[in-house]
Amino acid sequence: MDDPRPSLRLRAAPLNLNKSTVHRIISNDLHFHPYKIVIVQEMKPDDPDKRVEFCRTMKNRFRSFNNIWFSDESNFHINGHVYKQNCRYWASCIRSPCNRQKNAKPEGLQPQHINWPTRSPDLTPADFFLWGYQKSKVYNPLPPNLNVLKQRITEEINSIPRAMLQRVIEKFSSRLNKCEQMNGAHLQTVVFHK
């Protein structure tokens, strides 16, 4: 393929083929797969070691992750977000994951600072779960103004079911184990599964 960006529908039209035929050819005959575009930062050479050290520190320091305050930030805009569902590249192989510094503070009188590894959205509950979930709720439908946007953000963050948050924490724990097993490499799946 000269250009992996056009949709299957756009590829099918000039060939007088239907979309499903083009999909079968690209998938079955050419063995290409659709990849979503994810804007990431490439890991630096010492990042895997820092990620393994972080995983071990978290598992050694905390018996439970239920009382950790995970901080992060995300941008919410009045016009919504980029609908990445239709943004695909077709290719035979692609690599993958980004991040900022994070803090973790357990509840109690003596907060502790833990250096979160940079370029690690796969180890950050806000990145691998919260922001995508939050935006899917806040932007359905699009807020008409800034005040409604702020109100929805507050309402939705307060209405996340406790059981769902518990699953996120369990997923965080399993991600620490998996990252350590993979010698600090990014996890292949950075999506939260129900």
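Residues numbered from 1 in each chain as written. Predicted model: local features only at pLDDT ≥ 70, side-chain atom pairs only at ≥ 80, totals over all residues. Heavy atoms only, no water.

- An unreviewed UniProt entry lists the protein under the name Transposase, with Pieris macdunnoughi as the source organism.

## Some points on a nonpolar patch on the surface
No. 1: A contiguous nonpolar surface patch, about 330 Å² in accessible area, is contributed by L15, L17, I25 and L30.
No. 2: Secondary-structure assignment places I25 in helix α2 (residues 19-29).
No. 3: For I25, a relative accessible area of 32% gives the class partly exposed. (Patch = residues over 30% accessible without salt bridge, like charges linked within 9 Å, V, L, I, M, F, W, Y side chains within 5 Å. Areas by Shrake-Rupley, 256 points an atom, 1.4 Å probe, with all protein chains shown as cover. Salt bridge = Lys/Arg side-chain N within 4 Å of Asp/Glu carboxyl O. Helix = DSSP H or I, 4+ residues; strand = E, 2+ residues; numbered from the N terminus. Buried < 20%, exposed > 50% of the residue type's maximum accessible area, 1.4 Å probe, protein only.)

## Considerations on the pattern of salt bridges
Once the charged atoms of two side chains with opposite charge are near each other, the side chains can pair.
No. 1: Applying the stated criterion to the full structure yields 5 salt bridges.
No. 2: For the salt bridge of K50 with D46, the shortest nitrogen-to-oxygen distance reads 3.2 Å.
No. 3: You can call K50 partly exposed: its relative accessible area is 44%.
No. 4: Its salt-bridge partner being R56, residue E180 comes within 2.6 Å of it at the nearest N-O pair.
No. 5: Salt bridges here are not isolated pairs; linked through shared partners, they connect R56, K59 and E180.

## Digging into the packing of helix α1 (residues 8-15) against α2
No. 1: The interhelical angle for the contact between α1 and α2, taken along N-to-C directions, is 105 degrees, at an axis separation of 8 Å. Of the possible angle classes, the one that applies to α1 and α2 is roughly perpendicular. Where α1 approaches α2, its residues L8, R9, R11 and A12 are matched on the opposing element by K19, V22, H23 and I26.
No. 2: Looking at side-chain class alone, the contact of α1 with α2 contains 4 nonpolar, 1 polar and 3 charged residues. (Axes fitted to C-alpha atoms, helices over the stretch in contact; angles between N-to-C directions. Parallel < 35°, antiparallel > 145°, perpendicular 65-115°, else oblique. Contact = heavy atoms within 4.5 Å. Nonpolar A, V, L, I, M, F, W, Y, C, P; charged D, E, K, R; others polar.)

## Comments concerning the state of the cysteines
No. 1: The final tally for this structure, using the stated rule, is 0 disulfides.
No. 2: No disulfide involves C179; its nearest neighbouring cysteine sulfur is the one of C55, lying 3.8 Å away.
No. 3: Relative accessible area serves as the criterion here: at 0%, C179 is assigned to the buried category. (Disulfide = S-S within 2.5 Å.)

## A look at the packing of aromatic side chains
No. 1: Per the counting criterion, the structure on display carries 5 aromatic pairs.
No. 2: Ring geometry for F54 against W116: centres 4.6 Å apart, planes inclined by 50 degrees, an arrangement best described as tilted.
No. 3: Classification of F54 as buried rests on a relative accessible area of 3%.
No. 4: Considering the side-chain rings of F62 and F65, the 6.4 Å spacing of their centres and the 55 degrees angle between planes classify their relative orientation as tilted.
No. 5: The class of F62 is buried, set by a relative accessible area of 10%.
No. 6: Of the aromatic side chains, those joined through ring pairs into one cluster are F54, F62, F65, W116 and F172.
No. 7: It is R175 that lies over the ring of F128; its NZ or CZ is 3.9 Å from the centre. (Phe/Tyr/Trp six-rings, centres within 6.5 Å; stacked < 30°, edge-to-face > 60°. Lys NZ or Arg CZ within 6 Å of the ring centre and 35° of its normal.)

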